[in-house]
Amino acid sequence: MNIALEKVEIGKKDILFRLLQYSLFEESINDGNCMGQDALFAYPWFEDYFTEIERKAYFIRDREMGTLLGFAMINTCMKRNVGGHSIAEFMIIPKFRRNKIGTKAASMCFDMHRGNWEVSPSYGSRQAYLFWKSVVDEYTGGENTFEEGSFFSTVNIRRWRMKNRCSVR
């Protein structure tokens with residue numbers, strides 16, 4: 001499947017919010033997050049994705065059909081590295097999982113935003129950890145570390161990808 005990242009425009013933020021709520025619900029099985037009395041999970045930074053330049057939100061879509069496959073939310077809030085990007089939220093709709101859409105979309109995110117990266121799999125989710133380990137290992141050629149719940153690139157992954165792009169396809 002040929003996929004595309006589509007920047008979420010303010011007029012479509014309600015769609016992103018619904019997807020985010022589903023993702024937070026899924027994660028709550030492992031991370032213990034509780035929804036409020038309004039039946040919503042708190043996400044105090046949501047509006048910031050439409051007002052702060054350092055935060056980006058993307059829909060993941062099938063390029064030909066336009067089908068919504070998931071979303072990615074990227075920011076510059078780093079735990080370890082100074083400067084770079086972090087995947088704050090990432091979800092592929094369950095129907096479309098296990099066919100490399102997530103891997104392709106994550107690689108596209110890395111390619112779009114140069115520099116260091118940090119990725120924190122959903123707390124307590126073995127499945128999320130294994131997914132991100134596979135993605136980050138493939139993208140960095142194994143040059144990364146996992147500490148305190150996050151993967152960190154040990155090299156500038158943009159440089160590694162460009163230097164080795166013939167062997168990464």
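Participant: Got a sec to walk through the overall build of the protein? Specific residues and values, please.
Facilitator: In terms of helices and strands, the protein carries five helices and seven strands. Listing the helices and strands of the protein from first to last along the sequence gives β-α-β-β-β-α-β-α-β-β-α-α. Rg of the C-alpha trace for the protein: 16 Å, near the compact-globule value of 15 Å for 169 residues, within the 12% margin. Over its C-alpha atoms, taken along the principal directions, the protein stretches across nearly 50 × 40 × 30 Å.

Participant: I'd like a description of the environment of Ser28, backed by residues and values.
Facilitator: Tracing the backbone shows Ser28 in helix 1 (residues 13-31). For the pair Ser28 and Ser122, spaced 94 residues apart in the sequence, the C-alpha separation amounts to 9.2 Å. Once residues within four sequence positions are removed from consideration, Ser28 is found in contact with Asn33 and Phe41. There is a polar contact of 2.6 Å between the side chain of Ser28 and the backbone oxygen of Phe25.

Participant: I'd like a rundown of the pattern of salt bridges, residues and numbers included.
Facilitator: By the definition in use, this model includes six salt bridges. Taking the shortest distance from any N to any O, the salt bridge between Arg61 and Glu6 comes out at 2.9 Å. Here the residue Arg61 occupies a position in strand 2 (residues 56-62), and Glu6 occupies one in strand 1 (residues 3-7), the gap between them amounting to 55 residues. Put simply, Arg18 and Asp14 hold a salt bridge, and the shortest N to O gap is 3.6 Å. Taken together, the residues span about one helical turn, with Arg18 and Asp14 both in helix 1 at a distance of four residues.

The rules behind each value
Residues numbered from 1 in each chain as written. Predicted model: local features only at pLDDT ≥ 70, side-chain atom pairs only at ≥ 80, totals over all residues. Heavy atoms only, no water. Helix = DSSP H or I, 4+ residues; strand = E, 2+ residues; numbered from the N terminus. Rg over C-alpha atoms; globule rule 2.2 N^0.38 Å. Contact = heavy atoms within 4.5 Å. Polar contact = N/O pair within 3.5 Å; in protein donor to acceptor, adjacent residues only side chain to side chain. Salt bridge = Lys/Arg side-chain N within 4 Å of Asp/Glu carboxyl O.

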